[in-house]
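Secondary and tertiary structure notes
One letter stands for each residue in the lines below.
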Amino acid sequence: EPEVTQTPSHQVTQMGQEVILRCVPISNHLYFYWYRQILGQKVEFLVSFYNNEISEKSEIFDDQFSVERPDGSNFTLKIRSTKLEDSAMYFCASDRGSYNEQFFGPGTRLTVL
Amino acid sequence: KQEVTQIPAALSVPEGENLVLNCSFTDSAIYNLQWFRQDPGKGLTSLLLIQSSQREQTSGRLNASLDKSSGRSTLYIAASQPGDSATYLCAVCETSGSRLTFGEGTQLTVNP
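Right, let's talk about the interface of chain A and chain B for a bit. Chain A puts 22 residues into the contact, and the matching count from chain B is 23 residues. Carbon and sulfur atoms supply 49% of the area buried between chain A and chain B, which totals about 1800 Å² over both sides. At the surface where chain A touches chain B, the tally comes to 1 salt bridge. At the junction of chain A with chain B, the criterion picks out 7 residue pairs in polar contact (both at pLDDT 80 or more). Per-element accounting of the side of chain A that touches chain B gives the leading share, 4 residues, to strand β4 (residues 31-37) of chain A.

Our next topic: the pattern of salt bridges. Residues and elements named next belong to chain B. All told, the structure shown has 4 salt bridges over all chains when counted by the stated rule. In this structure, R37 engages D39 in a salt bridge whose closest nitrogen and oxygen atoms are separated by 3.0 Å. Taking relative accessible area as the criterion, D39 reaches 27% and is therefore assigned partly exposed.

For the rest of this paragraph, the subject is the sheet that holds strand β6 (residues 56-59) of chain B. All names here are of chain B. What the 5 strands build is an open sheet, ordered β1-β3-β8-β7-β6; its pairing is antiparallel. Only two strands of the sheet have a single neighbouring strand rather than two, namely β1 (4-7) and β6. Across the sheet, the mean angle separating the axes of adjacent strands is 15° when strand polarity is ignored. Note that β6 and strand β7 (residues 62-67) share 4 bridges and pair antiparallel. Considered in β7, the bridge of Q57 is made with A64.

Working definition: the covalent bond between the sulfur atoms of two cysteines is a disulfide. Residue and element names in this part refer to chain B. Enumeration over the complete set of coordinates arrives at 2 disulfides over all chains. One disulfide in the model links C23 with C90; its S-S distance is 1.9 Å. For the disulfide bridge between C23 and C90, the dihedral angle about the S-S bond is near -55°, and by the sign convention the bridge is left-handed. Taken together, the residues C23 in strand β3 (residues 19-25) and C90 in strand β9 (residues 86-93) connect sequence positions 67 residues apart. When its relative accessible area of 2% is taken as the criterion, C23 is described as buried. Taking relative accessible area as the criterion, C90 reaches 0% and is therefore assigned buried.

Further remarks concern the sheet that holds strand β8 (residues 75-79) of chain A. All names here are of chain A. Pairing within the open sheet is antiparallel, and its 4 strands lie in the order β1-β3-β8-β7. Every interior strand has two partners, whereas the edge strands, β1 (5-7) and β7 (65-68), have only one. Sheet twist, expressed as the mean angle between neighbouring strand axes with direction ignored, is 20°. Here 5 bridges tie strand β3 (residues 19-24) to β8, and the two strands are oriented antiparallel to one another. Looking at the pairing, V19 lines up with I79 of β8.

Thresholds applied
- Note that residues are indexed from 1 along each chain, following the sequence as it is written.
- The naming scheme follows written order: chains are lettered A onward, ligands numbered 1 onward.
- At least 70 in pLDDT is required for a residue's local features to be given in this predicted model, at least 80 for side-chain atom pairs to be given and counted, and no such filter applies to totals for whole chains, interfaces and linings, which use all residues.
- Excluded from the side-chain calculations are hydrogens and water; all other atoms, namely the structure's heavy atoms, are used.
- Any two residues having at least one pair of non-hydrogen atoms within 4.5 Å are treated as being in contact.
- Using a 1.4 Å probe, buried area is obtained as the accessible area two parts lose upon being combined, added over both of them.
- Here, a salt bridge means any side-chain nitrogen of Lys or Arg that lies within 4 Å of a carboxyl oxygen of Asp or Glu.
- For this analysis, a polar contact is any N or O atom pair within 3.5 Å, provided that within protein one partner can donate a hydrogen and the other can accept it, and provided that sequence-adjacent residues contribute only side-chain to side-chain pairs.
- Numbering of helices and strands starts at the N terminus; helices are DSSP runs of H or I of at least 4 residues and strands are runs of E of at least 2.
- Exposure classes here rest on a 1.4 Å probe applied to the protein chains alone. A residue is buried below 20% of its type maximum, exposed above 50%, and partly exposed in between.
- Any two strands with at least two DSSP bridges between them are considered paired.
- Helix axes use the C-alpha atoms of the stretch in contact, all axes being lines fitted to C-alpha atoms, and the angles between their N-to-C directions lie in the range 0 to 180 degrees.
- Two cysteine sulfurs form what is called a disulfide whenever their separation falls within 2.5 Å.

What follows is the structure, encoded as structure tokens:
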């Protein structure tokens, strides 16, 4: 069964460094999303992406964040200058656009030291 | 702004019991509602999706209902098993292709 994959599973970085989190959505899906979950807190929406552009973003998704779909399969989230409070589990999700059932990847645990 | 609340925050039951998890949302103008399961340190597994026009959906021992006008959904788990132990999350989508807004989850423990 097709699934969303994410790499790496765990990323440790120093404060101020740039990180890129990678996702491969399900191949025939049209909408792509990033969410994050700080330990012990709710899953929070960051950004959605459709037709090669951002369709919606939350107040969390400031100028430090960017997303890209560099080719037909990958979807990336870049954090330009990481802060301690960026430490969280980051989830990628995709849906095919009918019924809009979102399927999530296993997540990347980002630890900022 | 949509807010999603789940009650109870935690639930512990003996194996074999039927149980109900509750989810409420503040804005009834939703497109659909999804229930997810999350195991510790893992991703989210979609369990059931209910469209706004539907009243319920069933998958195996799981049954989810939706009362859009009152802003409520329930997840019924029949004949619970230790393998059902996980956190169950409810999330609503307000328009096609838009964000999911999540509740805090119910942490379920099924004791053998």
